[in-house]
Amino acid sequence: MKLNKIKLVLGLALGLSLTSCQKFYDVESSHLIEADKNHLVDANDTIYSVTGILNKLQAIADRTILLGELRGDLVNINKHTSSDLRDIANFQIGEDNKYNVPSDYYAIINNCNYFIANVDSAQQNNRGDRIFKKEYAAVKSIRAWTYLQLVLNYGKVPFVTKPILSKEDAEKSYPMYGINDICDYFLYDDGLAYDPELQDSTQNISYIEVPNYGDVNSKPSRLFYVPLRLLLGDLNLWAGNYLRAAEYYHKYIRLRNGENSAYPTTNMATNWSNDNWLGWSSSYISFFMDESVGSTSELITMIPMEDIPSNGNYSQLRDIFNSTGNNDYVAQVNPSKVLRDLSAAQNYYYNKWDGDGEIKIVPKDGTVPERYWGDLRLGTVWNYDQNG
């Protein structure tokens, strides 16, 4: 990350402290909640509530990527970059920046607070299993993850754990929490790591499988959630509990998000087709983009977005990072020199010509375009046609 990342966090904390509480909690809704009734007592209400929370996550999906990458080392802006994205990259995020909408985070948090306060997590079926255990764990994880993203971007944030259901609630003063406060609350006070509702007696470390409602629009719904062990690893990492973080990451990788198998380590590769012609293996990209939990997928979790722009939260990342017909074939973000130098510094590549898998030294001379020196994976995901 850039060295002035600390300056950014402090700058946001100072600059956005001017933001009124109303901006934090100004959540528009066309739905009426009857605060004195518990609506989450049957499967339909519970599932609708969970999917409603997933829908709210769509609003922060693009900015989660952009606020991280544009303030990091691996990409650069260019003359075509929009002013909002340029300000993010220059650490000058103003209140009118379209990616600076803290109320979007609180829309998720408030829905999670309502669910946690009202779901009957103790309700059991005739086998004695808690019916909504998976949903309860998933919503708690989403709330903690959202707070973590919020505090990383804003430095200190109003901390609310009860649902805001009235104007009076919204106008109350709430404590301001920083990163250590957030991590401590969710690791210890909230009990993500110790809550008996989230425990599995067969595991030494807190674990529960995520909900699975089958495929939704051809995407496996079990990938729509933040895996609890992975979240606990992140919280411990930011809290400075490095050994504990490593334990959670190790346990997560071994047991793979509810699957009793580890993540794959395969030999998928990008390779030279021969000494004079560069060819790319399409399997390399699908290694990360495969929306499944198959033996070759490394996809951990996703925020499912709309398929068409008219439906609302349609991701704009495809037109920011790529040249497409929608942006007149001009990307707004490019690989940085740091990334290109890091790639070019690699000395070996895998050659698959004639079926002989050999490790060879990268030719760093005029026979190979400089952008293809070193780690061939960069060329797999970043290339261009000079004729079009």
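Residues numbered from 1 in each chain as written. Predicted model: local features only at pLDDT ≥ 70, side-chain atom pairs only at ≥ 80, totals over all residues. Heavy atoms only, no water.

## A word on the nonpolar core
Part 1: Ranked by size, the top nonpolar core spans 60 residues in total, and within it Tyr-147 and Phe-186 carry the most contacts.
Part 2: For this core, the elements supplying multiple residues, two or more each, are helix 3 (43–57), helix 4 (61–69), helix 5 (83–89), helix 6 (102–118), helix 7 (133–154), helix 9 (179–189), helix 10 (228–239) and helix 13 (317–321).
Part 3: Among the elements that take part in this core, helix 7 stands out by supplying 11 residues, more than any other.
Part 4: Once residues lying within four places of it in the same chain are set aside, the contact partners of Tyr-147 are Tyr-106, Ile-109, Val-157, Pro-158, Phe-159, Val-160, Ile-182 and Phe-186. (Core = buried A, V, L, I, M, F, W, Y, C linked by side-chain atoms within 4.5 Å. Buried < 20%, exposed > 50% of the residue type's maximum accessible area, 1.4 Å probe, protein only. Helix = DSSP H or I, 4+ residues; strand = E, 2+ residues; numbered from the N terminus. Contact = heavy atoms within 4.5 Å.)

## Topic: the confidence of the model for the chain
Part 1: Averaged over all residues, the pLDDT of the chain equals 76, while 66% of them reach at least 70.
Part 2: Scored below 50 in pLDDT, residues 1–22 shows 34 contacts in the model against residues more than four places distant or in partner chains.
Part 3: Across residues 29–37 the pLDDT falls below 50, and counting only partners more than four positions away or on other chains, this stretch makes 7 contacts in the model. (pLDDT = per-residue confidence, 0-100.)

## Description of helix 10
Part 1: End to end, helix 10 covers 16 Å across 12 residues, agreeing with the expected 16 Å (1.5 Å per residue, within 8%).
Part 2: For helix 10, the set of buried residues is Leu-228, Arg-229, Leu-230, Leu-231, Leu-232, Gly-233, Leu-235 and Asn-236.
Part 3: The elements touched by buried residues of helix 10 are helix 7, helix 9 and helix 11 (242–255).
Part 4: One or two residues past the end of helix 10 sits Gly-240, with phi positive at roughly 90 degrees. (Expected span 1.5 Å × (residues − 1).)

## Quick look at the packing of aromatic side chains
Part 1: Under the defined criterion, the tally for this structure stands at 8 aromatic pairs.
Part 2: When the centroid spacing of 6.0 Å and the interplanar angle of 70 degrees are considered together, the rings of Phe-159 and Phe-186 count as edge-to-face. Of the two residues, Phe-159 is situated in the loop between strand 2 (157–158) and helix 8 (167–170) and Phe-186 in helix 9; the sequence distance between them amounts to 27 residues.
Part 3: By relative accessible area, which is 6% here, Phe-159 ends up buried. (Phe/Tyr/Trp six-rings, centres within 6.5 Å; stacked < 30°, edge-to-face > 60°.)

## Overview of the environment of Ile-182
Part 1: Within the secondary structure layout, Ile-182 lies in helix 9.
Part 2: A relative accessible area of 0% means that Ile-182 is categorised as buried.
Part 3: Sequence-wise, Ile-182 and Val-151 are 31 residues apart; in three dimensions their C-alpha atoms are separated by 7.8 Å.
Part 4: Look past the residues within four positions of Ile-182 in its chain and what remains in contact with it is Tyr-147, Leu-148, Val-151, Phe-159 and Tyr-177.

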